[in-house]
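Tertiary structure, described
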Amino acid sequence: MFAIVRTGGKQYRVAAGDIIAVEKLAGEAGDSVTLDDVLLAGDGGDIKDVKGLTVAAEIVAQEKGEKVIIFKKRRRHNYRRKNGHRQQHTVLKISAIGNEKAAKKAAPKKEAAPAEDKPATETKAAPAKKAPAKKAEPKAAAAKTETKPADAKKAPAKKPAAKKPAAKKKD
């Protein structure tokens, strides 16, 4: 399920488990926030009723955004002003939209991890017996020889400047 919420004069499309950066909200990291201004909600292609719908979120961090430079100049008047600032942001993690909470995605990763560990140990043992460093050196040497002819092609030397004819002597 997704929702479009308005906060700080901007609109955001959110789903359970998303992390978004919004304009500064009051609160510390770990606090819970509810976003009441829900404009639209839906599930796939279906639109849901937004009356009384709220979005629950948790504050992850309070941080500053990228630096914004403001430069004013008036031509031909020797007027220049440079100023800048870093906007305050609040990073939110959406925990629930209405009654639907975020599904935990960690469980599939844990199941896949043990299956990957066994082949990884077998593959680590096999390269240790071989000497891959010796094979890598000829490739590096071949790469260097390929780049040298490309660098050797340079523009032809310029012709010397034409000499001016000598001034005629008056007798």
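These remarks concern the structure in this document.

Rules used throughout
- Residues numbered from 1 in each chain as written.
- Predicted model: local features only at pLDDT ≥ 70, side-chain atom pairs only at ≥ 80, totals over all residues.
- Heavy atoms only, no water.
- Helix = DSSP H or I, 4+ residues; strand = E, 2+ residues; numbered from the N terminus.
- Contact = heavy atoms within 4.5 Å.
- Core = buried A, V, L, I, M, F, W, Y, C linked by side-chain atoms within 4.5 Å.
- Buried < 20%, exposed > 50% of the residue type's maximum accessible area, 1.4 Å probe, protein only.
- Salt bridge = Lys/Arg side-chain N within 4 Å of Asp/Glu carboxyl O.
- Phe/Tyr/Trp six-rings, centres within 6.5 Å; stacked < 30°, edge-to-face > 60°.
- Lys NZ or Arg CZ within 6 Å of the ring centre and 35° of its normal.

Focus: the side chain of Glu23
- Locating Glu23 in the fold gives a position in strand β3 (residues 19-23).
- Sequence-distant contacts of Glu23, that is, excluding residues within four places in its chain, are made with Gly8, Lys10, Tyr12, Gln87, Gln88 and Thr90.

Points about the nonpolar core
- Counting residues in hydrophobic clusters, the biggest one holds 18 residues, and the most contacted among them are Val14, Val55 and Leu92.
- Elements supplying a minimum of two residues to this core: β1 (2-7), β2 (10-15), β3, β4 (32-35), β5 (38-43), β7 (55-74) and β8 (79-97).
- Not counting chain neighbours up to four residues away, the residues in contact with Val55 comprise Ala3, Val5, Val14, Val33, Thr34, Leu35, Val38, Ile94, Ala96 and Ile97.

A closer look at the pattern of salt bridges
- Taken as a whole and judged by the stated rule, the model has two salt bridges.
- Where Arg6 meets Asp37, a salt bridge forms, and the shortest distance between an N and an O atom there is 2.8 Å. Taken together, the residues Arg6 in strand β1 and Asp37 in the loop between β4 and β5 connect sequence positions 31 residues apart.
- Assessed through its relative accessible area of 38%, Arg6 is described here as partly exposed.
- A salt bridge links Glu23 to Lys10, with the nearest nitrogen and oxygen atoms 2.7 Å apart. Taken together, the residues span a long stretch of sequence, with Glu23 in strand β3 and Lys10 in strand β2 at a distance of 13 residues.

Here we look at the packing of aromatic side chains
- Going through the model one piece at a time under the given rule, you end up with zero aromatic pairs.
- Seen from the ring of Phe2, Arg13 lies directly overhead, with NZ or CZ sitting 4.4 Å from the centre.
- The ring of Tyr79 has Arg74 sitting right over it, with the charged end atom 4.8 Å from the ring centre.

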